Amino acid sequence: MKQWIDSLRKEHQLPDEAYKQLLTCLDADVTSYLHQQAREVTLSCFGNKIYIRGLIEISNCCRNDCLYCGIRKSNTQVERYRLTKEQILECCKEGYALGFRTFVLQGGEDRAQPVDWVAEVVQAIRLQYPDCAITLSLGEMTRNDYERLYKAGANRYLLRHETYNSTHYTTLHPKQMNIAHRLQCLRWLKEIGFQTGTGIMVGSPHQHISHIIEDIRFIEKLQPQMIGIGPFIPHQDTPFAQQPAGSVDMTLKLISIFRLMFPTVLIPSTTALASLGSDGRLRGILAGANVVMPNLSPATTRKKYALYNNKASLGAEAAEGLDLLGKQLATIGYEISTERGDYKKQL
Ligand code: SAH
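Residues numbered from 1 in each chain as written. Predicted model: local features only at pLDDT ≥ 70, side-chain atom pairs only at ≥ 80, totals over all residues. Heavy atoms only, no water.

## Some details on the packing of helix α4 (residues 85–98) against helix α5 (residues 115–128)
Interhelical geometry of α4 versus α5 gives an angle of 30° and a closest axis separation of 10 Å. Crossing hand, α4 versus α5: right-handed. Seen from α4, the contacting residues are Lys85, Ile88, Leu89 and Cys92; seen from α5, they are Trp117, Glu120, Val121, Ala124, Ile125 and Gln128. Split into classes, the residues belonging to the contact of α4 with α5 amount to seven nonpolar, one polar and two charged. (Axes fitted to C-alpha atoms, helices over the stretch in contact; angles between N-to-C directions. Helix = DSSP H or I, 4+ residues; strand = E, 2+ residues; numbered from the N terminus. Left-handed = near helix turned anticlockwise from the far one by under 90°. Contact = heavy atoms within 4.5 Å. Nonpolar A, V, L, I, M, F, W, Y, C, P; charged D, E, K, R; others polar.)

In structure tokens form, the structure reads like this:
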């Protein structure tokens, strides 16, 4: 097993069977070797610096009905909100003062925040903060819309493919959605010039290990600049309310595998990971992640952006808790970087 890990570090790829065995292996020695190798690669590429991104959740209104998601259209229990342009700019102002140089605008697919409006917001941020990166995570759009947002000044786009297997995809999404279109969106984003992120939920209902191998192969082909991997966590008002949460250990292993496959890719230690255990963020970093995304949304709306139960948004998960995050990182020998932290193929 350790030879496979060495080979993955050197050659950046493995046969399907090797991935499968690594992911299902319960030997603690092997797992800690995997994390250690990934950590060494991260340290050699980025030093002990962790990039921070300020996450602004701009709307919890969504026209989609993804079965896993707490803000899905059919969930009538959600108190819906949408931020105004002024509120978003206020978040940026606060974030900039705290040291953030990347703002991530994430939200549901909200028709009342059409692309014209988003482009206007992006332009305003671009104008006021020319030294900052703007990341969007607003779901599927037309190629034209993506182009407009890029021209307005957005630099990066996060769109997890969620699962590459089309049968599995249909068990997680309503009929109107399909994996082919999601992949098309990802190709458009890359062609347009966005630094593009994709990724999956680990342990989503009906996920099989063979699906994860398909995800690894897809990501290998796409060559994204960012990879977001987080455990699935049930939300009480969705059809998946009774499903178990995904495995933290499996999530950590995948983070390490992707680090060894793509030494310089940007990998967040995700909020979902942090939500399943207070040491989740740090464990993600010790498995090879190099980005964290503290919550910069207004305090009044944070609780309303509930993608899953008990989503962490306070303490070190909050932008204003940056000092605490810094202290926690220091306990494992890392520190916050206030650089923009763009993707670089070679460092
Ligand atoms: N509307 C945007 C942003 C979605 S929220 C889009 O479609 O891309 C960002 C990510 O949260 C999703 O891509 C999904 O992977 C994750 N997510 C949603 N519900 C979740 C849940 N119940 N558990 C864990 N992650 C979840």
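Here the narrative resumes.
## A few points about the nonpolar core
If you look at the biggest cluster of nonpolar residues, it comprises 102 residues, and the most contacted ones within it are Phe103, Ile125, Tyr146 and Phe258. Residue contributions to this core peak at nine residues, all from helix α10 (residues 248–261). Apart from residues no more than four positions distant in its own chain, Ile125 is found in contact with Ile88, Leu89, Cys92, Phe103, Leu105 and Ile134. In terms of nonpolar packing, the next biggest core, distinct from the first, is built from eight residues, Tyr51, Leu266, Val291 and Met293 among them. (Core = buried A, V, L, I, M, F, W, Y, C linked by side-chain atoms within 4.5 Å. Buried < 20%, exposed > 50% of the residue type's maximum accessible area, 1.4 Å probe, protein only.)

## Quick word on the sheet that holds strand β1 (residues 49–52)
The three strands lie next to each other as β8-β1-β9, forming an open sheet whose pairing is parallel. The open sheet has two free edges, formed respectively by β8 (291–292) and β9 (335–337), since each of these has just one partner strand. One ladder, built from two bridges, connects β1 with β8; its direction is parallel. The residue of β8 that forms the bridge with Ile52 is Val292. Helix α14 (residues 322–331) contacts β1, β8 and β9 of the sheet and is inclined by roughly 125° relative to β9. (Pairing = 2+ DSSP bridges.)

## Overview of unusual backbone geometry
In this structure, Glu162 is a non-glycine residue whose phi angle is positive, near 75°. With respect to the helices, strands and loops of the structure, Glu162 is situated in the loop between β5 (156–158) and α7 (166–172). By relative accessible area, which is 9% here, Glu162 ends up buried. Backbone geometry places His206, a non-glycine residue, at a positive phi of 70°. Note on placement: His206 falls in the loop between β6 (195–202) and α9 (209–222). On the basis of relative accessibility, which here comes to 54%, the residue His206 falls in the exposed class.

## Describing the site of the ligand
The full set close to the ligand counts 17 residues, and Tyr68, Gly107, Arg160, Glu162 and Ile233 are the nearest of them. The backbone of Tyr68 places a nitrogen or oxygen atom 3.0 Å from a nitrogen atom of the ligand. Contact with the protein chains removes 90% of the 560 Å² of surface that the ligand exposes when unbound. (Near = heavy atom within 4 Å. Polar contact = N/O pair within 3.5 Å; in protein donor to acceptor, adjacent residues only side chain to side chain. Areas by Shrake-Rupley, 256 points an atom, 1.4 Å probe, with all protein chains shown as cover.)

## Brief notes about the environment of Gln77
Within the secondary structure, Gln77 sits in the loop between β2 (54–59) and α4. Here the alpha-carbon distance between Gln77 and Asp237, two residues 160 residues apart in the chain, equals 7.4 Å.

## Examining the sheet that holds strand β3 (residues 102–107)
With parallel pairing, six strands are arranged side by side in an open sheet as β2-β3-β4-β5-β6-β7. A strand with exactly one partner marks an edge of an open sheet, and here the two such strands are β2 and β7 (226–231). Here the strands of the sheet are splayed against their neighbours by 20° on average, with no regard to which way each runs. The pairing of β5 with β6 spans three bridges and is classified as parallel. Residue pairing for β6: Arg156 is matched across the bridge by Gln195. In the packing of α5 onto the sheet, contacts are made with β2, β3 and β4 (133–137), and the angle to β4 comes to roughly 160°. Contacts from helix α8 (residues 179–192) reach β5 and β6, with the element oriented near 150° to β6.

## Remarks on the pairing of β2
With respect to burial, β2 is a largely interior element, six of its six residues being buried. Of the pairings in the sheet, the one linking β2 to β3 comprises five bridges and is parallel in character. Bridge pairing links Glu57 to Gln106 in β3. Between β2 and its parallel partner β3, the chain crosses via α4, and the hand of that crossover is right-handed. (Right-handed = clockwise from strand over helix to strand, strands pointing away.)

## Quick notes on α4
Because each turn of an α-helix spans 3.6 residues, side chains separated by three or four positions end up pointing in the same direction. Across its 14 residues, α4 extends 20 Å between first and last C-alpha, which sits within 8% of the 20 Å expected from 1.5 Å per residue. Along α4, the residues classified as buried are Ile88, Leu89, Cys91, Cys92 and Gly95. Mapping the buried residues of α4 onto a view down its axis gives an arc of 155°, with all of them on the same face. Relative to its buried face, α4 has exposed residues pointing more than 90 degrees away, namely Glu86, Lys93 and Ala97. For α4, the secondary structure elements touched by its buried residues are β2, β3 and α5. Just downstream of α4, Gly99 is the residue with a positive phi angle, here 115°. (Expected span 1.5 Å × (residues − 1). Arc of directions from axis to C-beta.)

## Some words on the side chain of Ser275
With respect to the helices, strands and loops of the structure, Ser275 is situated in helix α11 (residues 271–275). A relative accessible area of 16% means that Ser275 is categorised as buried.

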